[in-house]
Amino acid sequence: MKVKDVETLDPVTVNPGASIDRLASLVTERGIAYAVSETGELLGVVTGSSLISALTSNYARAATAQDIMVAADSFPHVEPETDLHTAAGLFESSRVTELPVVASGVLVGSLPQRSVLMTFSTTVASLKGNGYHERRALAILQSLHEGLIVIDRDLIIQEFNPAAERLMNAKAKDRIGQKAQVVSRDESPIFEVMRTGKARYNVMTPLADGRMFSVNYVPMVEDGEVQGIIETFHDITEQEDLRSQLVSSRDELDRAFALTLPNSRVEHKLKHTPEYRDRYDPETGLITVTEVIEDGNYKHVVNALKVLADLNTKGIMSLLGISKDVLVQSIIFHDLGKSQPQLQIGQTVDPKKAFEHSPAHAARSADIASHFYHRDADVIWLIRYHHHREDELPLDFPRHLMPMLRLLQLVDGLSAALTRRSAQIKLDVEDTRVTVYERNRHPDFNKSRSVDLFTGEAVVLNID
Ligand SMILES: [Fe+2]
Ligand SMILES: [Fe+2]
(Lines give C-alpha, C1' and ligand atoms only; values in the text may rest on other atoms or scores of the structure.)
(Ligands and ions follow the chains in the order given, each with its own letter.)
Protein backbone atom coordinates (compact mmCIF):
# COMPACT_ATOMS: atom_id res chain seq x y z
CA MET A 1 0.00 0.00 0.00
CA LYS A 2 1.31 3.44 -0.94
CA VAL A 3 0.54 6.99 0.07
CA LYS A 4 -1.38 7.56 -3.19
CA ASP A 5 -3.71 4.63 -2.29
CA VAL A 6 -5.04 6.13 0.94
CA GLU A 7 -6.97 9.23 1.91
CA THR A 8 -4.94 12.45 1.80
CA LEU A 9 -6.19 15.91 2.72
CA ASP A 10 -6.10 19.26 0.97
CA PRO A 11 -3.15 20.90 2.69
CA VAL A 12 -3.68 24.17 4.56
CA THR A 13 -1.35 26.57 2.75
CA VAL A 14 -0.22 30.13 3.42
CA ASN A 15 2.21 32.47 1.79
CA PRO A 16 5.47 33.03 3.68
CA GLY A 17 4.33 36.52 4.72
CA ALA A 18 1.20 35.27 6.56
CA SER A 19 0.72 36.85 9.99
CA ILE A 20 0.72 34.99 13.31
CA ASP A 21 -2.99 35.69 13.80
CA ARG A 22 -3.80 34.10 10.45
CA LEU A 23 -1.54 31.12 11.23
CA ALA A 24 -3.00 30.72 14.71
CA SER A 25 -6.51 30.17 13.43
CA LEU A 26 -5.32 27.70 10.76
CA VAL A 27 -2.92 25.77 12.98
CA THR A 28 -5.40 25.42 15.83
CA GLU A 29 -7.91 23.99 13.34
CA ARG A 30 -5.62 21.46 11.68
CA GLY A 31 -2.44 21.37 13.77
CA ILE A 32 -0.22 22.22 10.81
CA ALA A 33 0.06 24.76 7.99
CA TYR A 34 2.38 24.77 4.99
CA ALA A 35 4.16 27.83 3.62
CA VAL A 36 4.34 27.57 -0.16
CA SER A 37 5.78 29.73 -2.93
CA GLU A 38 3.62 31.22 -5.67
CA THR A 39 4.32 28.12 -7.78
CA GLY A 40 3.25 25.73 -5.02
CA GLU A 41 6.74 24.74 -3.92
CA LEU A 42 6.90 23.68 -0.26
CA LEU A 43 9.05 26.23 1.63
CA GLY A 44 8.39 25.30 5.24
CA VAL A 45 5.98 23.99 7.84
CA VAL A 46 4.35 25.77 10.78
CA THR A 47 3.32 23.38 13.55
CA GLY A 48 1.51 23.95 16.84
CA SER A 49 4.79 23.87 18.75
CA SER A 50 6.51 26.45 16.54
CA LEU A 51 3.45 28.64 16.99
CA ILE A 52 3.38 28.19 20.76
CA SER A 53 7.04 29.14 21.11
CA ALA A 54 6.52 32.18 18.87
CA LEU A 55 3.47 33.27 20.85
CA THR A 56 5.23 32.99 24.17
CA SER A 57 8.10 35.23 23.06
CA ASN A 58 7.48 38.96 23.27
CA TYR A 59 5.52 40.61 20.45
CA ALA A 60 6.06 37.68 18.13
CA ARG A 61 2.55 38.34 16.88
CA ALA A 62 4.16 40.67 14.41
CA ALA A 63 6.25 37.78 13.04
CA THR A 64 5.28 35.99 9.84
CA ALA A 65 5.19 32.38 8.67
CA GLN A 66 8.73 32.50 7.33
CA ASP A 67 10.08 33.70 10.69
CA ILE A 68 8.70 30.75 12.63
CA MET A 69 8.41 27.88 10.13
CA VAL A 70 10.58 24.77 10.03
CA ALA A 71 12.35 24.84 6.65
CA ALA A 72 11.04 22.24 4.20
CA ASP A 73 14.37 20.40 3.99
CA SER A 74 14.42 19.88 7.79
CA PHE A 75 10.87 18.52 7.92
CA PRO A 76 9.98 14.91 6.97
CA HIS A 77 7.84 14.46 3.88
CA VAL A 78 6.41 11.63 1.77
CA GLU A 79 5.81 11.24 -1.94
CA PRO A 80 2.77 9.68 -3.63
CA GLU A 81 4.86 6.53 -4.28
CA THR A 82 6.13 6.25 -0.68
CA ASP A 83 5.23 2.94 0.98
CA LEU A 84 2.81 3.29 3.90
CA HIS A 85 5.16 1.40 6.22
CA THR A 86 7.80 4.06 5.58
CA ALA A 87 5.19 6.76 6.25
CA ALA A 88 4.30 5.02 9.55
CA GLY A 89 7.98 5.12 10.50
CA LEU A 90 8.13 8.86 9.79
CA PHE A 91 5.05 9.48 11.94
CA GLU A 92 6.64 7.49 14.72
CA SER A 93 9.94 9.39 14.66
CA SER A 94 8.61 12.88 13.99
CA ARG A 95 5.53 12.92 16.23
CA VAL A 96 3.55 15.09 13.83
CA THR A 97 -0.09 14.56 12.94
CA GLU A 98 0.24 15.21 9.20
CA LEU A 99 3.06 14.78 6.69
CA PRO A 100 3.39 16.88 3.53
CA VAL A 101 3.02 14.92 0.30
CA VAL A 102 5.50 16.36 -2.18
CA ALA A 103 5.99 15.60 -5.86
CA SER A 104 9.05 17.24 -7.52
CA GLY A 105 9.24 19.83 -4.75
CA VAL A 106 5.58 20.85 -5.14
CA LEU A 107 3.14 20.27 -2.29
CA VAL A 108 0.33 18.08 -3.62
CA GLY A 109 -1.43 16.96 -0.44
CA SER A 110 -1.16 16.17 3.22
CA LEU A 111 -1.13 12.68 4.67
CA PRO A 112 -2.90 12.55 8.04
CA GLN A 113 -1.66 10.03 10.59
CA ARG A 114 -5.19 8.68 10.78
CA SER A 115 -4.92 7.37 7.18
CA VAL A 116 -2.07 5.14 8.35
CA LEU A 117 -3.94 4.16 11.50
CA MET A 118 -7.12 3.39 9.59
CA THR A 119 -5.31 1.32 7.00
CA PHE A 120 -3.49 -0.80 9.56
CA SER A 121 -6.45 -0.99 11.97
CA THR A 122 -8.60 -2.24 9.12
CA THR A 123 -5.93 -4.82 8.22
CA VAL A 124 -5.83 -6.01 11.83
CA ALA A 125 -9.60 -5.96 12.10
CA SER A 126 -10.42 -7.73 8.84
CA LEU A 127 -7.98 -10.63 8.94
CA LYS A 128 -8.84 -13.64 10.99
CA GLY A 129 -6.35 -15.62 12.98
CA ASN A 130 -2.77 -14.70 13.37
CA GLY A 131 -1.74 -13.96 9.79
CA TYR A 132 1.53 -12.29 8.82
CA HIS A 133 -0.20 -9.12 7.62
CA GLU A 134 -2.22 -8.89 10.76
CA ARG A 135 0.82 -9.22 12.99
CA ARG A 136 2.81 -6.74 10.93
CA ALA A 137 -0.03 -4.20 10.94
CA LEU A 138 -0.44 -4.65 14.66
CA ALA A 139 3.30 -4.19 15.18
CA ILE A 140 3.11 -0.87 13.32
CA LEU A 141 0.15 0.29 15.38
CA GLN A 142 1.97 -0.77 18.55
CA SER A 143 4.98 1.34 17.69
CA LEU A 144 3.13 4.58 16.96
CA HIS A 145 2.98 7.31 19.55
CA GLU A 146 -0.77 7.05 19.24
CA GLY A 147 -2.32 5.07 22.12
CA LEU A 148 -3.80 1.74 21.03
CA ILE A 149 -6.22 -0.50 22.92
CA VAL A 150 -7.90 -3.56 21.42
CA ILE A 151 -11.11 -4.59 23.19
CA ASP A 152 -13.08 -7.75 22.48
CA ARG A 153 -16.85 -7.87 22.41
CA ASP A 154 -17.02 -8.60 26.13
CA LEU A 155 -15.04 -5.36 26.68
CA ILE A 156 -11.99 -7.34 27.79
CA ILE A 157 -8.72 -5.61 26.85
CA GLN A 158 -6.58 -7.69 24.48
CA GLU A 159 -3.86 -5.19 23.50
CA PHE A 160 -2.47 -2.14 25.26
CA ASN A 161 0.53 -0.48 23.57
CA PRO A 162 3.34 1.54 25.23
CA ALA A 163 1.81 4.87 24.15
CA ALA A 164 -1.46 3.82 25.82
CA GLU A 165 0.52 3.00 28.99
CA ARG A 166 1.97 6.51 28.96
CA LEU A 167 -1.26 8.30 28.10
CA MET A 168 -3.45 6.32 30.52
CA ASN A 169 -0.79 6.08 33.20
CA ALA A 170 -1.32 2.32 33.47
CA LYS A 171 0.71 -0.85 32.85
CA ALA A 172 -0.19 -3.16 29.98
CA LYS A 173 0.38 -6.23 32.17
CA ASP A 174 -2.21 -4.92 34.66
CA ARG A 175 -4.72 -3.98 31.99
CA ILE A 176 -4.64 -6.84 29.44
CA GLY A 177 -7.29 -9.39 30.38
CA GLN A 178 -9.20 -6.80 32.44
CA LYS A 179 -12.49 -5.20 31.56
CA ALA A 180 -12.13 -1.80 29.87
CA GLN A 181 -12.88 1.13 32.12
CA VAL A 182 -14.75 4.04 30.66
CA VAL A 183 -12.74 7.13 31.54
CA SER A 184 -14.50 9.71 29.41
CA ARG A 185 -16.98 12.10 30.97
CA ASP A 186 -19.55 11.37 28.28
CA GLU A 187 -20.95 8.03 27.22
CA SER A 188 -18.26 6.16 25.28
CA PRO A 189 -18.94 5.64 21.55
CA ILE A 190 -17.65 2.05 22.11
CA PHE A 191 -21.21 0.86 22.65
CA GLU A 192 -22.50 2.57 19.52
CA VAL A 193 -19.65 1.14 17.39
CA MET A 194 -20.26 -2.34 18.86
CA ARG A 195 -23.92 -2.04 17.95
CA THR A 196 -23.67 -0.51 14.47
CA GLY A 197 -20.33 -1.89 13.27
CA LYS A 198 -19.51 1.58 11.86
CA ALA A 199 -16.13 3.19 12.62
CA ARG A 200 -15.96 6.59 14.32
CA TYR A 201 -12.96 8.86 13.77
CA ASN A 202 -11.56 11.86 15.64
CA VAL A 203 -14.07 11.76 18.48
CA MET A 204 -13.22 14.62 20.85
CA THR A 205 -13.27 12.99 24.25
CA PRO A 206 -13.01 15.06 27.45
CA LEU A 207 -11.53 12.94 30.26
CA ALA A 208 -12.58 13.11 33.88
CA ASP A 209 -9.09 14.42 34.77
CA GLY A 210 -9.47 17.45 32.48
CA ARG A 211 -7.43 16.25 29.49
CA MET A 212 -8.90 16.12 25.99
CA PHE A 213 -8.28 13.12 23.74
CA SER A 214 -9.03 12.60 20.07
CA VAL A 215 -10.11 8.98 19.67
CA ASN A 216 -10.73 6.64 16.69
CA TYR A 217 -12.90 3.52 17.06
CA VAL A 218 -12.57 0.85 14.34
CA PRO A 219 -14.78 -2.24 14.70
CA MET A 220 -13.34 -5.73 14.05
CA VAL A 221 -16.04 -7.47 12.08
CA GLU A 222 -16.11 -11.23 11.46
CA ASP A 223 -18.96 -12.95 9.59
CA GLY A 224 -21.02 -9.76 9.87
CA GLU A 225 -20.64 -9.66 13.67
CA VAL A 226 -18.62 -7.09 15.61
CA GLN A 227 -15.96 -9.08 17.47
CA GLY A 228 -14.28 -6.15 19.12
CA ILE A 229 -12.95 -2.64 18.69
CA ILE A 230 -9.58 -1.14 17.96
CA GLU A 231 -9.34 2.14 19.80
CA THR A 232 -6.52 4.57 18.96
CA PHE A 233 -6.11 7.94 20.64
CA HIS A 234 -3.85 10.90 21.35
CA ASP A 235 -3.80 13.81 23.75
CA ILE A 236 -4.93 17.12 22.19
CA THR A 237 -5.22 19.07 25.46
CA GLU A 238 -2.38 21.43 24.53
CA GLN A 239 -3.84 22.15 21.10
CA GLU A 240 -7.26 22.82 22.62
CA ASP A 241 -5.76 25.06 25.33
CA LEU A 242 -3.91 27.03 22.70
CA ARG A 243 -7.10 27.48 20.73
CA SER A 244 -9.07 28.79 23.71
CA GLN A 245 -6.16 30.97 24.87
CA LEU A 246 -5.91 32.58 21.46
CA VAL A 247 -9.62 33.23 21.30
CA SER A 248 -9.80 34.66 24.81
CA SER A 249 -6.67 36.79 24.57
CA ARG A 250 -7.90 38.36 21.36
CA ASP A 251 -11.32 38.99 22.90
CA GLU A 252 -9.81 40.41 26.07
CA LEU A 253 -7.53 42.72 24.15
CA ASP A 254 -10.38 43.95 21.97
CA ARG A 255 -12.60 44.52 24.99
CA ALA A 256 -9.87 46.25 26.97
CA PHE A 257 -9.01 48.44 24.05
CA ALA A 258 -12.64 49.33 23.24
CA LEU A 259 -13.00 50.57 26.82
CA THR A 260 -10.19 53.07 26.41
CA LEU A 261 -11.60 54.60 23.22
CA PRO A 262 -13.73 57.65 23.88
CA ASN A 263 -16.32 56.90 21.17
CA SER A 264 -17.06 55.12 17.92
CA ARG A 265 -15.99 58.10 15.79
CA VAL A 266 -12.45 57.79 17.11
CA GLU A 267 -12.57 54.06 16.42
CA HIS A 268 -13.88 54.69 12.90
CA LYS A 269 -11.11 57.20 12.13
CA LEU A 270 -8.41 54.83 13.41
CA LYS A 271 -9.80 51.90 11.46
CA HIS A 272 -9.94 53.87 8.21
CA THR A 273 -6.49 55.44 8.24
CA PRO A 274 -4.14 53.16 6.33
CA GLU A 275 -0.46 52.47 6.93
CA TYR A 276 1.89 51.12 4.27
CA ARG A 277 4.66 48.62 4.16
CA ASP A 278 7.27 49.54 1.61
CA ARG A 279 10.65 48.87 0.08
CA TYR A 280 13.13 51.75 0.26
CA ASP A 281 15.62 52.36 -2.52
CA PRO A 282 18.66 54.16 -1.02
CA GLU A 283 19.92 55.17 -4.52
CA THR A 284 16.82 57.14 -5.51
CA GLY A 285 15.35 57.81 -2.06
CA LEU A 286 12.02 56.47 -3.37
CA ILE A 287 9.78 53.86 -1.75
CA THR A 288 7.66 51.18 -3.41
CA VAL A 289 4.48 50.11 -1.60
CA THR A 290 4.48 46.36 -0.86
CA GLU A 291 1.41 46.09 1.36
CA VAL A 292 -1.56 48.25 2.35
CA ILE A 293 -2.69 47.86 5.96
CA GLU A 294 -6.22 49.32 5.71
CA ASP A 295 -6.76 49.66 9.48
CA GLY A 296 -3.07 50.53 9.98
CA ASN A 297 -3.62 53.33 12.46
CA TYR A 298 -5.85 51.17 14.65
CA LYS A 299 -3.22 48.38 14.62
CA HIS A 300 -0.51 50.96 15.38
CA VAL A 301 -2.42 52.24 18.43
CA VAL A 302 -3.20 48.70 19.67
CA ASN A 303 0.46 47.69 19.30
CA ALA A 304 1.57 50.84 21.14
CA LEU A 305 -0.80 50.01 24.02
CA LYS A 306 0.60 46.46 24.09
CA VAL A 307 4.15 47.79 24.32
CA LEU A 308 3.04 50.13 27.11
CA ALA A 309 1.33 47.24 28.96
CA ASP A 310 4.56 45.26 28.74
CA LEU A 311 6.58 48.19 30.11
CA ASN A 312 3.98 48.52 32.87
CA THR A 313 4.50 44.92 34.00
CA LYS A 314 8.25 45.63 33.97
CA GLY A 315 7.76 48.43 36.48
CA ILE A 316 8.14 51.58 34.35
CA MET A 317 5.05 53.25 35.84
CA SER A 318 6.61 53.33 39.29
CA LEU A 319 9.10 55.95 38.07
CA LEU A 320 8.52 59.52 39.20
CA GLY A 321 7.11 61.63 36.40
CA ILE A 322 5.59 58.72 34.47
CA SER A 323 1.78 58.54 34.46
CA LYS A 324 -0.01 55.61 32.91
CA ASP A 325 -3.23 57.56 32.25
CA VAL A 326 -1.44 60.40 30.50
CA LEU A 327 0.46 57.94 28.29
CA VAL A 328 -2.62 55.86 27.38
CA GLN A 329 -4.54 59.01 26.39
CA SER A 330 -1.56 60.33 24.43
CA ILE A 331 -1.24 57.06 22.52
CA ILE A 332 -4.94 56.94 21.61
CA PHE A 333 -5.01 60.48 20.21
CA HIS A 334 -1.46 60.99 18.97
CA ASP A 335 -2.07 60.15 15.29
CA LEU A 336 -5.79 60.90 15.11
CA GLY A 337 -5.10 63.98 12.98
CA LYS A 338 -3.07 62.01 10.46
CA SER A 339 -3.99 62.40 6.81
CA GLN A 340 -2.61 59.57 4.69
CA PRO A 341 -2.30 59.47 0.89
CA GLN A 342 -4.16 56.67 -0.90
CA LEU A 343 -1.46 54.44 -2.37
CA GLN A 344 -1.65 51.14 -4.21
CA ILE A 345 0.60 48.10 -3.99
CA GLY A 346 3.46 48.45 -6.46
CA GLN A 347 3.25 52.27 -6.57
CA THR A 348 6.62 54.06 -6.27
CA VAL A 349 6.64 57.49 -4.62
CA ASP A 350 8.95 60.02 -3.03
CA PRO A 351 8.05 59.75 0.67
CA LYS A 352 8.94 63.40 1.30
CA LYS A 353 6.34 64.50 -1.25
CA ALA A 354 3.67 61.82 -0.76
CA PHE A 355 3.47 61.98 3.04
CA GLU A 356 2.67 65.03 5.09
CA HIS A 357 5.49 66.36 7.30
CA SER A 358 4.95 64.57 10.64
CA PRO A 359 4.75 67.59 13.01
CA ALA A 360 1.70 68.74 11.01
CA HIS A 361 -0.42 65.73 12.01
CA ALA A 362 0.95 65.96 15.57
CA ALA A 363 -0.36 69.55 15.84
CA ARG A 364 -3.72 68.58 14.33
CA SER A 365 -4.04 65.58 16.69
CA ALA A 366 -3.29 67.83 19.66
CA ASP A 367 -6.01 70.29 18.58
CA ILE A 368 -8.56 67.47 18.23
CA ALA A 369 -7.70 66.01 21.66
CA SER A 370 -7.92 69.45 23.22
CA HIS A 371 -10.99 70.99 21.60
CA PHE A 372 -13.24 67.98 21.05
CA TYR A 373 -12.16 65.65 23.84
CA HIS A 374 -10.88 68.08 26.51
CA ARG A 375 -7.86 66.00 27.47
CA ASP A 376 -5.34 67.14 30.11
CA ALA A 377 -2.82 69.82 29.24
CA ASP A 378 0.01 67.27 29.69
CA VAL A 379 -1.60 64.96 27.12
CA ILE A 380 -1.89 67.84 24.64
CA TRP A 381 1.76 68.86 25.05
CA LEU A 382 2.94 65.29 24.48
CA ILE A 383 0.80 64.79 21.39
CA ARG A 384 1.75 68.14 19.83
CA TYR A 385 5.49 67.45 20.13
CA HIS A 386 5.70 63.69 19.59
CA HIS A 387 7.58 64.23 16.29
CA HIS A 388 9.94 66.96 17.50
CA ARG A 389 13.58 66.33 18.34
CA GLU A 390 14.59 67.51 21.80
CA ASP A 391 16.59 70.43 20.42
CA GLU A 392 13.56 71.60 18.39
CA LEU A 393 11.19 71.85 21.36
CA PRO A 394 9.85 75.32 22.22
CA LEU A 395 11.29 77.00 25.29
CA ASP A 396 8.00 76.75 27.18
CA PHE A 397 7.75 72.96 26.74
CA PRO A 398 7.22 71.72 30.35
CA ARG A 399 10.46 70.09 31.50
CA HIS A 400 8.60 67.71 33.81
CA LEU A 401 7.17 66.01 30.69
CA MET A 402 10.56 65.08 29.22
CA PRO A 403 10.64 61.48 30.58
CA MET A 404 7.12 60.85 29.25
CA LEU A 405 7.88 62.44 25.86
CA ARG A 406 10.92 60.14 25.50
CA LEU A 407 8.80 57.16 26.50
CA LEU A 408 5.98 58.09 24.10
CA GLN A 409 8.46 58.48 21.23
CA LEU A 410 10.03 55.12 22.08
CA VAL A 411 6.67 53.34 22.25
CA ASP A 412 5.50 55.06 19.04
CA GLY A 413 8.65 53.92 17.20
CA LEU A 414 8.41 50.36 18.52
CA SER A 415 4.78 50.12 17.52
CA ALA A 416 5.65 51.34 14.02
CA ALA A 417 8.29 48.59 13.87
CA LEU A 418 5.70 46.00 14.91
CA THR A 419 2.98 47.32 12.61
CA ARG A 420 4.99 48.16 9.50
CA ARG A 421 8.23 46.21 9.65
CA SER A 422 7.22 42.87 11.26
CA ALA A 423 9.82 43.33 13.97
CA GLN A 424 10.39 41.14 16.98
CA ILE A 425 11.05 43.14 20.11
CA LYS A 426 12.12 42.44 23.65
CA LEU A 427 12.19 45.10 26.33
CA ASP A 428 14.06 45.44 29.60
CA VAL A 429 13.58 48.11 32.21
CA GLU A 430 16.25 48.88 34.73
CA ASP A 431 15.68 51.90 36.94
CA THR A 432 15.29 54.88 34.52
CA ARG A 433 16.81 53.02 31.56
CA VAL A 434 14.80 51.13 28.92
CA THR A 435 16.65 48.67 26.69
CA VAL A 436 15.15 47.54 23.41
CA TYR A 437 16.28 44.44 21.53
CA GLU A 438 14.85 44.66 18.04
CA ARG A 439 15.17 42.05 15.31
CA ASN A 440 13.77 42.35 11.85
CA ARG A 441 14.66 41.94 8.22
CA HIS A 442 15.44 45.63 7.74
CA PRO A 443 19.18 45.91 8.46
CA ASP A 444 18.95 49.55 9.57
CA PHE A 445 16.65 48.63 12.44
CA ASN A 446 18.23 45.31 13.39
CA LYS A 447 19.90 46.59 16.53
CA SER A 448 19.62 46.94 20.25
CA ARG A 449 19.57 50.27 22.01
CA SER A 450 18.99 51.75 25.39
CA VAL A 451 17.55 55.10 26.48
CA ASP A 452 17.67 56.81 29.83
CA LEU A 453 14.24 58.41 30.27
CA PHE A 454 15.50 61.01 32.76
CA THR A 455 18.63 62.25 30.98
CA GLY A 456 17.75 61.37 27.37
CA GLU A 457 21.13 59.67 26.96
CA ALA A 458 20.79 57.02 24.22
CA VAL A 459 23.25 54.23 23.47
CA VAL A 460 23.30 51.82 20.52
CA LEU A 461 24.38 48.50 22.00
CA ASN A 462 25.30 46.47 18.96
CA ILE A 463 24.59 46.06 15.30
CA ASP A 464 24.52 42.55 13.90
FE1 LIG B 1 2.69 60.42 14.71
FE1 LIG C 1 2.39 57.14 15.77
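All values reported here derive from a predicted model rather than from experimental measurement. (Residues numbered from 1 in each chain as written. Chains lettered and ligands numbered in written order. Predicted model: local features only at pLDDT ≥ 70, side-chain atom pairs only at ≥ 80, totals over all residues. Heavy atoms only, no water.)

**Side note on the sheet that holds strand S11 (residues 225-235)**
Spatial strand order, S8-S7-S11-S10-S9: five strands in an open sheet with antiparallel pairing. On the outer flanks of this sheet lie strand S8 (157-160) and strand S9 (200-206), each paired with one strand and no other. Between one strand and the next, the sheet's axes are offset by a mean angle of 25°, whatever the strand orientation. (Pairing = 2+ DSSP bridges. Helix = DSSP H or I, 4+ residues; strand = E, 2+ residues; numbered from the N terminus. Axes fitted to C-alpha atoms, helices over the stretch in contact; angles between N-to-C directions.)

**A closer look at helix H12 (residues 296-313)**
Residues lying three or four places apart along an α-helix face the same way, a consequence of the helix completing one turn every 3.6 residues. Compared with an ideal rise of 1.5 Å per residue, which puts 18 residues at 26 Å, H12 spans 26 Å between its outermost C-alpha atoms and is within 8% of the ideal. Burial of H12 is extensive: 13 of the 18 residues sit out of reach of the surface. Count one or two residues on from H12 and you reach Gly315, which has phi positive near 95°. (Expected span 1.5 Å × (residues − 1). Buried < 20%, exposed > 50% of the residue type's maximum accessible area, 1.4 Å probe, protein only.)

**Thoughts on the coordination of the iron ion (ligand 2)**
Within the protein, His300 (NE2), His334 (NE2), Asp335 (OD) and Asp412 (OD) serve as the donor atoms for the iron ion (ligand 2), at 2.2 to 2.3 Å. Coordination geometry of the iron ion (ligand 2): the four donor atoms subtend angles of 78 to 170° at the metal centre, consistent with an arrangement described as irregular. Considered as a linear motif, the donors of the iron ion (ligand 2) on their single chain read H-x33-H-D-x76-D. Here the iron ion (ligand 2) and the iron ion (ligand 1) are spaced 3.5 Å apart, with Asp335 acting as a shared donor. Linking His334 in the loop between helix H13 (324-333) and strand S14 (348-349) with Asp412 in helix H17 (residues 402-421), this pair joins segments that are 78 residues apart in sequence. (Donors = N, O, S within 2.8 Å, 3.2 Å for Na, K, Ca; no water. Tetrahedral: all angles 85-135°; square planar, octahedral: opposite > 155°, others 65-115°.)

**Considering the packing of helix H11 (residues 264-271) against H12**
At a minimum axis separation of 5 Å, H11 and H12 run at an interaxial angle of 110°. Classed by the angle they form, the pair H11 and H12 counts as roughly perpendicular. Here Glu267, Leu270 and Lys271 of H11 come into contact with H12, specifically with Asn297, Tyr298 and Val301. Among the residues making up the contact of H11 with H12, the classes are represented as three nonpolar, one polar and two charged. (Parallel < 35°, antiparallel > 145°, perpendicular 65-115°, else oblique. Contact = heavy atoms within 4.5 Å. Nonpolar A, V, L, I, M, F, W, Y, C, P; charged D, E, K, R; others polar.)

**Description of the packing of H12 against H13**
Packing of H12 against H13 brings their axes to within 9 Å, and their N-to-C directions diverge by 165°. Relative to H13, the element H12 lies roughly antiparallel. By crossing handedness, the relation of H12 to H13 is classed as right-handed. Contacts between H12 and H13 involve Val301, Ala304, Leu305, Leu308 and Asn312 from the first element and Lys324, Leu327, Val328, Ile331 and Ile332 from the second. In the contact of H12 with H13, the residues fall into eight nonpolar, one polar and one charged. (Left-handed = near helix turned anticlockwise from the far one by under 90°.)

**As for the coordination of the iron ion (ligand 1)**
By definition of the ideal shapes, four donors in a tetrahedron about a metal sit 109.5 degrees apart, and six donors in an octahedron sit 90 or 180 degrees apart. Those donors, Asp335 (OD), His361 (NE2), His386 (NE2) and His387 (NE2), are the protein atoms that reach the iron ion (ligand 1), and they lie 2.1 to 2.3 Å from it. Bound by four donor atoms, the iron ion (ligand 1) shows angles of 80 to 166° at the metal and therefore irregular coordination geometry. In primary-sequence terms, the residues that donate to the iron ion (ligand 1) follow D-x25-H-x24-H-H. With a relative accessible area of 2%, Asp335 lands in the buried category. Classification of His361 by relative accessible area gives buried; the value is 4%.

**Some remarks on the environment of Ala363**
Within the secondary structure layout, Ala363 lies in helix H15 (residues 358-371). On the accessibility criterion, Ala363 (25% relative accessible area) is partly exposed. A C-alpha to C-alpha distance of 9.7 Å links Ala363 and Lys338, two positions 25 residues apart in sequence.

**A word on the side chain of Asn216**
Turning to its location among the elements, Asn216 is positioned in strand S10 (residues 212-222). Excluding anything up to four places from it in sequence, Asn216 contacts Leu117, Glu146, Arg200, Tyr201, Asn202, Ile230, Glu231 and Thr232.

**Focus: the confidence of the model for the protein chain**
Averaged over all residues, the pLDDT of the protein chain equals 84, while 88% of them reach at least 70. For the protein chain, the element scoring lowest by mean pLDDT is helix H10 (residues 237-260), at 66; helix H16 (residues 377-384) scores highest, at 97. (pLDDT = per-residue confidence, 0-100.)

**Quick look at the pairing of strand S16 (residues 433-439)**
Here seven bridges tie strand S15 (residues 424-430) to S16, and the two strands are oriented antiparallel to one another. Across the sheet, residue Asp428 finds its bridge partner in S16, namely Thr435. The turn linking S15 back onto S16 is made up of two residues, and Asp431 within it adopts a positive phi angle of 55°. Bridging between S16 and strand S17 (residues 447-452) involves five bridges; their strand directions are antiparallel. Bridging across to S17, Val434 finds its partner in Val451.

**Quick word on the pairing of strand S5 (residues 98-103)**
Summarising burial for S5: five of the six residues are buried, a large majority. Bridge count for S5 against strand S6 (residues 106-112) is six bridges, and the pairing is antiparallel. For Ala103, the partnering residue across the bridge sits in S6 and is Val106. Linking S5 to S6, which pair antiparallel, is a turn of two residues; within it Ser104 sits at a positive phi near 50°.

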